[in-house]
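# Report on the structure
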Amino acid sequence: EIPILWHVPKTGGTTVQDIAGACHGKVIACEIGVKYGHSKDTKLKILQLQRQSYVNVDTTTLDGLIRAKRLRLVRTKSMVDLIVSPYLHEVDQLFGPPFVDGQIRGRVVT
């Protein structure tokens, strides 16, 4: 399972994200991963930005979620440890068809 942080503005989600990345060393998918021109990358990669690890996708926008799906963000659990998004229903599309054996699943947290 991959945790999905349903980020509701002004509820402490950014603090949870910072703790997951800085204190627990988790690789995070959020808007920070596309800084410095990485939104144009054609392959997924892990970036070290602000002393934390991020995947080069933006899961906080609809266009970013479409790109993350196209790049197959959740094809392997080792690529990302936490997905952050305000789009609860749309982020589900990253995981493919439900109830397929061996399919990586998401678990929403707030």
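Details of the structure are given in the entry above.
Procedures and definitions
- Residues numbered from 1 in each chain as written.
- Predicted model: local features only at pLDDT ≥ 70, side-chain atom pairs only at ≥ 80, totals over all residues.
- Heavy atoms only, no water.
- Buried < 20%, exposed > 50% of the residue type's maximum accessible area, 1.4 Å probe, protein only.
- Helix = DSSP H or I, 4+ residues; strand = E, 2+ residues; numbered from the N terminus.
- Arc of directions from axis to C-beta.
- Contact = heavy atoms within 4.5 Å.
- Pairing = 2+ DSSP bridges.
- Axes fitted to C-alpha atoms, helices over the stretch in contact; angles between N-to-C directions.
- Core = buried A, V, L, I, M, F, W, Y, C linked by side-chain atoms within 4.5 Å.
- Salt bridge = Lys/Arg side-chain N within 4 Å of Asp/Glu carboxyl O.
- Polar contact = N/O pair within 3.5 Å; in protein donor to acceptor, adjacent residues only side chain to side chain.

Among the residues of helix α1 (residues 13–23), G13, Q17, A20 and G21 are the ones counted as buried. Buried positions in α1, seen along its axis, are confined to an arc of 90 degrees and lie on one side of it. Opposite the buried face of α1, by more than 90 degrees, sit the exposed residues A22 and C23. In this fold, the buried residues of α1 make contact with β1 (2–6), β2 (27–29), β4 (52–55) and β5 (82–85).

Another point: the sheet that holds β2. Spatially, the six strands line up as an open sheet ordered β3-β4-β2-β5-β1-β6, and their pairing is mixed. The sheet terminates laterally at β3 (46–49) and β6 (106–109), the two strands that pair on one side only. Across the sheet, the axes of successive neighbouring strands diverge by a mean angle of 35 degrees, strand direction being ignored. Pairing analysis gives four bridges linking β1 to β6, with the strands arranged parallel. Following the sheet pairing, I2 is matched in β6 by G106. The strands touched by α1 are β1, β2, β4 and β5; relative to β4, the strand with the most contacts, the crossing angle is about 110 degrees.

Here three bridges tie β1 to β5, and the two strands are oriented parallel to one another. Each residue of the ladder has a partner; that of I4, found in β5, is I83.

Before going further, it helps to spend a moment on the nonpolar core. Among soluble globular proteins, nonpolar side chains are generally buried collectively. Counting 19 residues, the largest nonpolar core has V55, V57, L73, I83, L94 and F95 as its most contacted members. Mapped onto this core, the elements with two or more residues apiece are β1, β2 and α2 (62–70). Those residues in contact with I83 that sit more than four places away from it in its chain are I2, P3, I4, L5, A29, T59, L73, V74, V91, L94 and F95. Grouped together as the second largest cluster of nonpolar side chains are 10 residues, L5, A20, I28 and V84 included.

The full count for this structure, using the stated rule, is two salt bridges. Between E1 and R107 there is a salt bridge; the shortest N-O distance is 2.6 Å. Here the residue E1 occupies a position in the segment before β1, and R107 occupies one in strand β6, the gap between them amounting to 106 residues. Residue E1 is classed as partly exposed on the basis of its relative accessible area, which comes to 46%. Across the pair D41 and K45 runs a salt bridge, and its minimum N-O distance is 3.8 Å. On the basis of relative accessible area, K45 is assigned to the partly exposed category, the value being 38%.

On to the side chain of D41. With respect to the secondary-structure elements, D41 resides in the loop between β2 and β3. The class for D41 is buried, based on a relative accessible area of 17%. In this structure the side chain of D41 is engaged in a polar contact, spanning 2.8 Å, whose partner is the side chain of H38. A polar side-chain atom of D41 sits 2.9 Å from a polar atom in the side chain of N56. In contact with D41, other than residues within four places in its own chain, are N56, R67 and L71.

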